[in-house]
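Coordinate inspection notes
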Amino acid sequence: MAQSKEQRILEFVQENAVKGDPQSVVEHIDKYCSQKEWAMNVGDEKGLILDKVFKETNPTTVLELGTYCGYSAIRMARLLKKGSRLLTVEMQPEHAAVAKPMIEFAGVQDKVQILEGATETIIPSLKTKYEVDQVDFVFIDHFKNFYTSDTKLLEKCGLLKKGSVLLADNVVYPGAPDFLEYVRTSGHYDCTNYPSHVEYSDKLDAMEKAVFKGN
């Protein structure tokens, strides 16, 4: 057996999914995590909410906070229009080490760039180091205690424009109450809540969409 659960997921995908087919990769990650070992991907049910909001936004520049095994990056990359790009930030090297070959196996490595490090150092460097002017879509799915501070940092760094969409996972379980309070009461966002369940379970959860109104 491979050493970590994440490596076992990668191994399962490489042995069973269709190489170069992002949909097949996503389905096989879901299959492994629902049948063998639970893992914290956004999952199939909330994945459909992600797909819906992503398609409605039709973004050119996408930022993901929390790569994990690359599941949601692949899920979004398969919907990206030509000439678009997705930057995904992962703080834990062992997760980035699984996400990179997963993204390559799915064949979306030309659209996805993994940025290794902490969000509080990477977000302020996006304009200068990674030539990101502003982002159209942000998927927030990392440490819940960073949701609010990173949202404020995106605002402070001028990375959000009128119409930029934030979509946050796990706002009910494990929960991000301070984030919900901030986006709903700050006056900067129009919010929509999407009730759902924790990935691969019947435990209640939700995703929160927050559309930036502009400065």
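See the structure shown above.
Report follows, based on the coordinates. Per chain, residue numbering runs from 1 following the sequence as it is written. With pLDDT at 70 or above as the cut-off, local features in this predicted model cover only qualifying residues; side-chain atom pairs require 80 or more to be listed or tallied, and sums for whole chains, interfaces and linings still use all residues. Side-chain numbers come from the whole structure's heavy atoms, not from hydrogens or water.

**Overview of the pairing of strand β7 (residues 204-212)**
Each residue is placed in one exposure class: buried if its accessible area under a 1.4 Å probe, protein chains only, is under 20% of its type's maximum, exposed if it is over 50%, and partly exposed if it falls in between. For helices the rule is a DSSP run of H or I covering at least 4 residues; for strands it is a run of E covering at least 2, with both sets numbered from the N terminus onward. Among the 9 residues of β7, 7 are classified as buried, and the element is accordingly described as predominantly covered. In this sheet, β7 lies alongside strand β6 (residues 189-197) in antiparallel orientation, the contact comprising 9 bridges. Bridge pairing in β7 places H197 opposite L204. A pair of strands is labelled paired if DSSP reports no fewer than 2 bridges between them. With antiparallel pairing between neighbouring strands as the criterion, β6 and β7 make up a hairpin whose turn holds 6 residues, including Y200 at a positive phi of roughly 60°.

**Some details on the nonpolar core**
The nonpolar core is taken to be a set of buried Ala, Val, Leu, Ile, Met, Phe, Trp, Tyr and Cys residues, with the residues joined through side-chain atoms within 4.5 Å. Of all hydrophobic cores here, the largest spans 41 residues; its most connected members are V25, M102 and F137. At the level of secondary structure, the elements contributing two or more residues to this core comprise α1 (5-16), α2 (22-35), α3 (43-57), α4 (71-77), α5 (93-106), β4 (135-140) and β5 (160-168). No other element matches α5, which puts 6 residues into this core. Throughout, a residue-residue contact means that at least one pair of heavy atoms, one from each residue, lies within 4.5 Å. Discounting residues that sit within four places of it in the chain, V25 has contacts with V13, A17, V18, I74, M102, F105 and A106.

**Some remarks on unusual backbone geometry**
Trans is the prevailing form of peptide bonds, just as negative phi is the prevailing case for residues other than glycine. Following Y173, the chain continues to P174 via a peptide bond in cis, the omega torsion being -5°. With respect to the secondary-structure elements, P174 resides in helix α9 (residues 171-175). Positive phi, close to 50°, is recorded for N58, a residue that is not glycine. If you trace the backbone, N58 turns up in the loop between α3 and β1 (61-65). One non-glycine residue with positive phi stands out, namely N170, at about 60°. Mapped onto the elements of the fold, N170 is located in the loop between β5 and α9.

**Describing the sheet that holds strand β3 (residues 112-116)**
Across the sheet, 7 strands lie side by side as β3-β2-β1-β4-β5-β7-β6; this open sheet has mixed pairing. Each end of this open sheet is capped by a strand with a single partner; those strands are β3 and β6. Each neighbouring strand pair of the sheet contributes to a mean axis angle of 15°, computed without reference to strand direction. In this structure, strand β2 (residues 85-90) lies alongside β3, joined through 5 bridges in parallel fashion. Counted as the bridge partner of L86 is V112 from β3. A fitted line through C-alpha atoms represents every axis, and for helices the fit uses only the stretch in contact; the resulting angles, taken between N-to-C directions, go from 0 to 180 degrees.

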